[in-house]
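Read off the chains here:
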Amino acid sequence: KIFQAVVSCIGGDGTIYIIPKSFETALNKLMAEIQNTFKGLGLLIPYCWKKGEACVVRGSDTVWYRAKIVEVSGSTLQVQYIDRGYIESIPQCHLYPTTFYTGIPPFCIPCQLYKTLPIGNFWQQEAVEYLQELLKNEEVEIHVKELPDNPWGKLSISLYFGGMSLSSFMAYQRYCVAEDCQDIQKLGVFEGDLSPSYLLQPLPVPGETFPVTVTHLVSPKEVYICLDSSENLTKCSATDRSASCDSEGLSKALKWCNKIVKTLPHLTNFKKELPCLAEYVDGLWYRAKLLSITQLVPVQILVQFVDYGTYLVAPTSRLRHIPCHLLKYPVQAVRVLLAGFRPASDDKNVERIPYSPEWSLKALWTMVDCVEGKRLSASILTVSPEVTISLYGDDKNLVHLKLIEMGLAELDQ
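Residues numbered from 1 in each chain as written. Predicted model: local features only at pLDDT ≥ 70, side-chain atom pairs only at ≥ 80, totals over all residues. Heavy atoms only, no water.

A. Geometry of the overall build of the protein. Across its full length, the protein carries six helices and 27 strands. Relative to the 2.2 N^0.38 estimate, which gives 22 Å for 413 residues, the radius of gyration of the protein is 28 Å and therefore markedly larger than a compact globule would have. In terms of overall dimensions, the protein has C-alpha extents of about 95 × 50 × 35 Å along its principal axes. Counting all 413 residues of the protein, 46% fall into the buried class. Considering only intrachain contacts with a sequence separation of at least 6, the fraction spanning at least 24 residues in the protein is 61%. Just so you have it, the protein exposes about 21,800 Å², and 54% of that area is on carbon and sulfur atoms. In the protein, 39 side chains carry a positive charge and 44 a negative one; their mean positions are 3 Å apart. (Helix = DSSP H or I, 4+ residues; strand = E, 2+ residues; numbered from the N terminus. Rg over C-alpha atoms; globule rule 2.2 N^0.38 Å. Buried < 20%, exposed > 50% of the residue type's maximum accessible area, 1.4 Å probe, protein only. Contact = heavy atoms within 4.5 Å. Areas by Shrake-Rupley, 256 points an atom, 1.4 Å probe, with all protein chains shown as cover. Lys, Arg positive; Asp, Glu negative; His and termini not counted. Charge placed at Lys NZ, Arg CZ, Asp CG, Glu CD.)

Shown next as structure tokens:
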């Protein structure tokens, strides 16, 4: 069985506690009921606690949770939150014995990685801490491999985060040995002889109007757009819905890559068009491709962020190998030319775009104002030799009409 789950806790012995997403509604309902039943403080009179006894615990967040006694030690008790998995030492005044809710099975499931042997036959403290940092409270994909021999045993699973196998990733980090490491190359840790490349975004049918956002402007006429299928999905074409799913999957995969980016090797091959991960000025890592070496000492590389169209000159320290599974998502940004206008022949503005001097800077900034943060729509006119579109503003008028009104452009029939 395959299902989505949230990792609630990593035990000290490396046990992975998960809460299936399908359990969330029932768990939230139970938690609300517990809060209505138990109010105020815990049991303030002396009580003889026994190991394994059911109770409710008032956590540090003042919320009541189901728990069981794991160990009795004087005035402090060690309890396990049965719906979360983690173990904590709690003063007796924060507990209350109860037989309520004992007929409801725990919502979290203890798991172990299938056919994965930790180095030294047990998970080292460093590995446990790494698992906690990587997985706690994150949504993952669970593949059930073997059921436990008894109902309270651990479920044997393969766990995937952002398209990567946890067993293979931990084996690559040398925390364990995984019997099935065939997908370790998906981490992109080997250059190999292959020249990977990105998939291109499938475009809607010419003549069809579809929502877009402009992610980068090269000039008033040359821009990068992303298909925006976040609204009115039911009215969108299959291409739009596919683009939306790709975008969501890519966002999740990139979030995971940002968590493990320090484990990915630095780039050593600087072949033109080579896919890579590059660090942007916001400190996050995005998909990119190499364009050229702009400086040799120190080495500076011009890269383009393929999902936005933007450019950056970066040192090699800000470039990393891209995990191969990130290549399955089509590039989100599409370079297009806008139809219907051309630079004004009588534009007297002296400041010009250096790489496109037929346009004034004023025309560029005016176009930025017309498209930035706006709900736009587009219709493809031609796909060859260049993708050419008509671009409409949120008022359904062509965006370039503003430039024509200001004398910064003229109609091009």
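B. Region of interest: the layout of surface pockets. Computed from the structure, the largest pocket encloses a volume of approximately 740 Å³. What lines the largest pocket is a set of 32 residues, among which K68, I82, P106, C108 and W152 lie closest to the centre. Of all the elements in the fold, those that place two or more residues in the lining of the largest pocket are β3 (54–58), β4 (64–73), β5 (76–81) and β8 (109–113). Here the lining of the largest pocket is composed, by residue class, of 21 nonpolar, seven polar and four charged. Put simply, the second largest pocket is a space of about 470 Å³. (1 Å grid on protein atoms, 1.4 Å probe; cavity = no way out; pocket = protein on both sides within 12 Å on 5 of 7 lines; lining within 4 Å. Points joined across faces, edges and corners; volume = space filled by probe spheres on them. Nonpolar A, V, L, I, M, F, W, Y, C, P; charged D, E, K, R; others polar.)

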